[in-house]
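What follows is each chain in one-letter form.
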Amino acid sequence: MAASTSQVFVWSGSDKKGRQTKGEIQAISQSMAKAQLRSQGINPKSVKKKSKPMFGAGGKKITPSDISIFTRQMATMMKAGVPLVQSFDIVGESLENATMKKLVNDIKSEVASGTGLAISLGKYPKYFDELFVSLIDSGEQSGTLETMLDRVATYKEKSEALKSKIKSALTYPIAVVVVSLIVTGILLVKVVPQFAETFSSFGADLPAFTLFVLNISNAAQEWWYIILMVVMGIVYGFREARSRSKAFSDAVDKYILSVPVVGDIIYNSVIARFARTLATTFAAGVPLIDALESVRGAAGNAVYAKAIGQVKDDVTTGLGLYDSIKSTGIFPIMLLQMVSIGEESGALDEMLEKVAIHYENIVDEAVDSLSSLMEPIIMSVLGVLVGGLMIAMYLPIFMLGSVV
């Protein structure tokens, strides 16, 4: 309750050694803020309600990267022996994102009032998913919260790094297409018409290639807004169809896996995510059935989410993990072999960790190779488009001698 009604106060005062200090604190009222400061050994001289920014809330959007950094900082504080509530204070003071700082202070208020960390985090599902909360709960129950925070921080860092690689791999080709279309559009609408006025004074027929480009230019000038609306409509319709239709979304996920180069990157990233998530949950002592449910939610691809659901059902009936994964027929041999070794040796989490590292490295190399490959492709595509348009425009001038 306190978290929802608390306010931010700016204070200044002196500590136990008489040193001047200042900062911000969350409390229900000004008097409660002073009481909290005194309990922390601070003699408050001035406590004022923090004024709101003139334009907007002044806070940025909280990103998964912010959550990853927060988790790592908390893990570092806890491993250093800093008490949980004090860890929140130290981490909160280091944050520049006002929205993230408020979230940290709200969670701190919950924890300070006696609520468990997992329960407090669970009140913010937008930022802390079920997997995150269940791992923290496991750490609290077993008395290994600092160790679990370190594992969760590593998991989040690896996951975000992998997502960043995938986003880079998918964004690069799209950027090439967009840039090419923009450059071509500008040339057709702004540059080509200037040449068309010059060509109108010629007394001979224009080359077929030049006429073709001029016709495209005329169409672009007359229908550019309709073309733009159609393109925007297609993009919007695709996003809406994928978010509203599970069948369409599943079909897109299946198709992406078959796309050359990009499909391999997606495939390897899914395997890496599967191994990383299962290794983290298994090492945390989460029951295998529950771990597989968490892994299915983190799969990132409908084809593999369905397969992991099948694995979970098979394991529930008593089938071993190796046999369950093998029966799907879509997981790589290396993963199967490592799972088999892990089950026999009792070191499943270590084997899965090795698999995750292996496939994460494959994704890194593939994305780097794709980036290197795309650079000459970009130059080639732009060269063909721009060069083709320029040739079409200058071709009549080169042939002008035959007209005279």
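Below is a short write-up of the structure. Given the structure is predicted, the values throughout are model-derived calculations rather than measurements.

**Things to note about the overall build of the protein**
Part 1 of the reasoning: When helices and strands are counted, the protein shows 16 helices and three strands.
Part 2 of the reasoning: For 404 residues, the compact-globule formula gives about 22 Å, and the C-alpha radius of gyration of the protein, at 30 Å, lies well above that figure.
Part 3 of the reasoning: Counting only C-alpha atoms, the protein reaches 95 × 65 × 35 Å along its principal axes.
Part 4 of the reasoning: Sorting the 404 residues of the protein into buried and exposed places 37% on the buried side.
Part 5 of the reasoning: For the protein, contacts bridging at least 24 residues in sequence account for 58% of all contacts bridging at least 6.
Part 6 of the reasoning: Distance from the positive charge centre (39 side chains) to the negative charge centre (38 side chains) of the protein: 11 Å.

**Some remarks on the nonpolar core**
Part 1 of the reasoning: With 76 residues, the main nonpolar core has Phe88, Ile107, Leu117, Phe128, Ile136, Leu321 and Phe331 as its most contacted residues.
Part 2 of the reasoning: Here the element with the most residues in this core is helix α16 (residues 348-398); it accounts for 11 residues.
Part 3 of the reasoning: In this structure, Leu321 is in contact with Leu278, Leu288, Leu292, Val311, Val315, Val339, Glu343 and Leu348, ignoring residues within four places of it in sequence.
Part 4 of the reasoning: Listed in part, the 12 residues of the second largest apolar core include Leu187, Leu188, Phe199 and Ala392.

**Comments concerning the packing of helix α13 (residues 302-316) against helix α14 (residues 321-328)**
Part 1 of the reasoning: Two elements in contact, α13 and α14, have axes whose closest approach is 9 Å; the angle formed by their N-to-C orientations is 140°. Between α13 and α14, the interaxial angle falls into the category oblique. As for how α13 packs across α14, the hand of that crossing is right-handed. For the pair α13 and α14, contact is made by Ala307, Gln310, Val311, Asp314 and Val315 and by Leu321, Ser324, Ile325, Ser327 and Thr328, respectively.
Part 2 of the reasoning: For the contact of α13 with α14, the residue count by class is five nonpolar, four polar and one charged.

**Quick look at the sheet that holds strand β3 (residues 43-49)**
Part 1 of the reasoning: The three strands lie next to each other as β2-β1-β3, forming an open sheet whose pairing is antiparallel. Looking at strand neighbours, the two that pair on one side only are β2 (20-27) and β3, the edges of this open sheet. Within this sheet the neighbouring strands show an average axis-to-axis angle of 25°, counted without direction.
Part 2 of the reasoning: Note: strand β1 (residues 7-14) against β2, eight bridges, orientation antiparallel. Looking at the pairing, Phe9 lines up with Ile25 of β2.

**Focus: the side chain of Thr328**
Part 1 of the reasoning: Examined against the element boundaries, Thr328 turns out to sit in helix α14.
Part 2 of the reasoning: Its relative accessible area of 15% is what places Thr328 among the buried residues.
Part 3 of the reasoning: Not counting residues within four places of it along the chain, the set of residues in contact with Thr328 comprises Ala307, Gln310 and Val311.

Parameters at a glance
- Residues numbered from 1 in each chain as written.
- Predicted model: local features only at pLDDT ≥ 70, side-chain atom pairs only at ≥ 80, totals over all residues.
- Heavy atoms only, no water.
- Helix = DSSP H or I, 4+ residues; strand = E, 2+ residues; numbered from the N terminus.
- Rg over C-alpha atoms; globule rule 2.2 N^0.38 Å.
- Buried < 20%, exposed > 50% of the residue type's maximum accessible area, 1.4 Å probe, protein only.
- Contact = heavy atoms within 4.5 Å.
- Lys, Arg positive; Asp, Glu negative; His and termini not counted.
- Charge placed at Lys NZ, Arg CZ, Asp CG, Glu CD.
- Core = buried A, V, L, I, M, F, W, Y, C linked by side-chain atoms within 4.5 Å.
- Axes fitted to C-alpha atoms, helices over the stretch in contact; angles between N-to-C directions.
- Parallel < 35°, antiparallel > 145°, perpendicular 65-115°, else oblique.
- Left-handed = near helix turned anticlockwise from the far one by under 90°.
- Nonpolar A, V, L, I, M, F, W, Y, C, P; charged D, E, K, R; others polar.
- Pairing = 2+ DSSP bridges.

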